[in-house]
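Residue-level structural notes
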Amino acid sequence: MITVRGLARRFTLRGRTVDAVKGIDFDVAAGELVGFLGPNGAGKTTTLRMLTTLLRPTGGTGTVAGCDLLTDPQGVRRNIGYVPQGGSTWPESKVAEEIELQARLYGLSRAEARRRGALLAERLDLAGLDQRPAKTLSGGQRRRLDIALGLVHEPALVFLDEPTTGLDPQSRANLWDHVRRMRAEQGMTVFLTTHYLDEADALCDRILVTDDGTIVAEGTPEELKARVSGDAVTVEVADRATEAASLAERLTGAHEVTVTADTVRFRVPRGDVALPELLRVLDGHGITMTSVKVNRPTLDDVFLGLTGRSLRDGETAPQAVEAAHAA
Ligand SMILES: Nc1ncnc2c1ncn2[C@@H]1O[C@H](COP(=O)(O)OP(=O)(O)OP(=O)(O)O)[C@@H](O)[C@H]1O
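Residues numbered from 1 in each chain as written. Predicted model: local features only at pLDDT ≥ 70, side-chain atom pairs only at ≥ 80, totals over all residues. Heavy atoms only, no water.

A few words now on the environment of Ala8. Among the secondary structure elements, Ala8 is positioned in strand 1 (residues 2–13). The class of Ala8 is buried, set by a relative accessible area of 15%. Distance in space between the C-alpha atoms of Ala8 and Val21 is 4.8 Å, their sequence separation being 13 residues. When near neighbours in sequence (up to four residues on either side) are disregarded, Ala8 contacts Val21, Lys22, Gly23, Met50, Pro57, Thr58 and Gly59. (Helix = DSSP H or I, 4+ residues; strand = E, 2+ residues; numbered from the N terminus. Buried < 20%, exposed > 50% of the residue type's maximum accessible area, 1.4 Å probe, protein only. Contact = heavy atoms within 4.5 Å.)

In structure tokens, the structure reads:
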């Protein structure tokens with residue numbers, strides 16, 4: 001459904017060049033739900049804008065929904081849906097009007113536009129809101145309307161740019177359910193960008209991890225997390241932390257042991273198996289454990305291992321994107 005090779009985009013602004021996307025290669029199969037995960041400024045939106053023909057690549061080739069990105073951009077546009085980051089609704093327009101207008105823009109008859117509008121409103125939990133102006137909708141309802149607008153022409157492939165940014169946790173989880181259900185019911189391919197780890201983890205079949213214009217890792221959420229070797233154990237002790245660390249080091253499979261003040265950290269293949277053993281050993285040496293935490297590997301650990309930085313650093317400052325787009 002998507003194939004890109006060496007896709008690149010360089011911006012030149014007042015004599016300064018920015019290589020926002022540095023020649024990336026990837027494929028997306030029909031029916032897949034793929035996440036493009038990376039921190040702010042990694043090049044996600046630039047990639048998405050190239051794939052949706054809103055921005056011409058400065059390098060590389062690609063096929064999207066069966067059409068050549070460079071020689072047949074109109075074909076690409078006909079066959080895809082695109083839900084931009086800020087949405088595209090008019091604040092004063094009513095929900096039903098927005099959906100029908102969008103359908104008419106794709107050349108559908110008035111009757112067909114109404115039929116699809118009603119169907120999408122039903123599927124996206126917007127039924128009963130059809131006469132409400134868009135500006136009166138909640139954040140989650142507005143995002144669902146944005147998605148309805150992107151799906152009105154029943155595309156085989158839909159692009160969602162940061163679909164849940166700005167929503168509260170409950171509305172985010174609700175939107176994930178809708179995306180999953182739409183995918184299951186319509187069998188469409190979904191390509192979404194996100195800088196939320198939990199979103200990529202919960203929603204995506206496969207993740208492309210991106211940083212600084214390149215793809216640094218790719219796989220299912222489980223495959224990516226399996227790259228991090230083991231659970232992270234954090235133990236606080238009342239005293240003698242250095243001695244506790246050397247005892248932890250002797251546990252089967254323990255590695256990456258560090259100690260600071262009263263805290264010992266290490267990784268083991270199975271935290272739940274290591275804990276009783278550690279407790280016994282510490283007890284045997286008269287060291288009191290005051291707290292213990294076991295964390296399963298996260299996608300952030302994967303990113304940290306690959307780049308030495310945390311993905312979470314990019315979870316604030318969505319305004320930077322709007323500024324970049326306005327440029
Ligand atoms: N029109 C532009 N002119 C100059 N530089 C740009 C332009 N658009 C994007 N950039 C730069 O390209 C880089 C990638 O930006 P992009 O918006 O693609 O990142 P992103 O991963 O989508 O970030 P976010 O998570 O904030 O949306 C950034 O350094 C950005 O400042």
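The discussion continues.
Judged by pairing direction, the sheet is antiparallel, and its 4 strands sit side by side in the order 2-1-4-5 without closing on themselves. Strands at the two margins of the open sheet, each flanked by one partner only, are strand 2 (16–28) and strand 5 (67–68). For strand 1 and strand 4 (residues 59–64), the ladder comprises 5 bridges, and the chain directions are antiparallel. By the bridge assignment, Arg5 is partnered in strand 4 with Thr61. (Pairing = 2+ DSSP bridges.)

As a further point, take the confidence of the model for the protein. Looking at the protein, pLDDT values average 87 and 95% of them are 70 or higher. Of the regions scoring below 50 in pLDDT, residues 314–327 engages in 17 contacts with residues more than four places distant in sequence or in other chains. Listed scores for the predicted complex are pTM 0.79 and ipTM 0.96. (pLDDT = per-residue confidence, 0-100.)

Further remarks concern the packing of helix 5 (residues 139–151) against helix 6 (residues 169–186). Here helix 5 crosses helix 6 at 20°, and the two axes come no closer than 10 Å. As the angle between them shows, helix 5 and helix 6 are arranged roughly parallel. The two elements helix 5 and helix 6 cross, and the hand of that crossing is right-handed. On the side of helix 5, the interface is formed by Gly140, Arg143, Arg144, Ile147 and Leu151, while helix 6 contributes Ser171, Asn174, Leu175, His178, Val179 and Met182. Class assignment of the residues belonging to the contact of helix 5 with helix 6 gives a composition of 5 nonpolar, 4 polar and 2 charged. (Axes fitted to C-alpha atoms, helices over the stretch in contact; angles between N-to-C directions. Parallel < 35°, antiparallel > 145°, perpendicular 65-115°, else oblique. Left-handed = near helix turned anticlockwise from the far one by under 90°. Nonpolar A, V, L, I, M, F, W, Y, C, P; charged D, E, K, R; others polar.)

Let us look at the sheet that holds strand 9 (residues 206–211). The mixed open sheet is built from 6 strands, whose spatial order is 6-7-8-3-9-10. Of all strands in the sheet, those bounded by a partner on one side alone are strand 6 (80–83) and strand 10 (214–219). With direction set aside, neighbouring strand axes in the sheet form an average angle of 15°. Inspection of the sheet shows strand 3 (residues 33–37) paired to strand 8 (residues 189–194) by 5 bridges, in the parallel sense. Its bridge partner lying in strand 8, Leu37 is registered against Thr194. Relative to strand 6, helix 5 is tilted by about 160°, and along the sheet it contacts strand 6 and strand 7 (157–161).

Bringing unusual backbone geometry into the picture now. Positive phi, close to 60°, is recorded for Asp125, a residue that is not glycine. Among the structural elements, Asp125 can be located in the loop between helix 4 (110–123) and helix 5. By relative accessible area, Asp125 is classed as partly exposed at 44%. Of note in this structure, Glu162 is not a glycine but carries a positive phi near 45°. Residue position: Glu162 is located in the loop between strand 7 and helix 6.

It is worth spelling out a nonpolar patch on the surface at this point. The grouping of Leu101, Leu105 and Tyr106 at the surface amounts to a nonpolar patch, some 320 Å² of accessible area in total. Locating Leu101 in the fold gives a position in helix 3 (residues 95–105). (Patch = residues over 30% accessible without salt bridge, like charges linked within 9 Å, V, L, I, M, F, W, Y side chains within 5 Å. Areas by Shrake-Rupley, 256 points an atom, 1.4 Å probe, with all protein chains shown as cover. Salt bridge = Lys/Arg side-chain N within 4 Å of Asp/Glu carboxyl O.)

A separate point is the pairing of strand 7. By the criterion of burial, strand 7 is predominantly enclosed, with 5 of the 5 residues buried. Pairing geometry for strand 6 and strand 7, over 4 bridges, is parallel. Bridging across to strand 7, Tyr82 finds its partner in Phe159. One ladder, built from 5 bridges, connects strand 7 with strand 8; its direction is parallel. The partner of Val158 across the bridge, within strand 8, is Val190.

Mapped onto the fold, Arg267 is located in strand 13 (residues 263–268). Side-chain polar atoms of Arg267 contact the backbone oxygen of Gly230, separated by 2.9 Å. Those residues in contact with Arg267, other than ones at most four positions away along the chain, are Val228, Ser229, Gly230, Asp231, Ala232, Gly253, Ala254, His255, Glu256 and Asp301. (Polar contact = N/O pair within 3.5 Å; in protein donor to acceptor, adjacent residues only side chain to side chain.)

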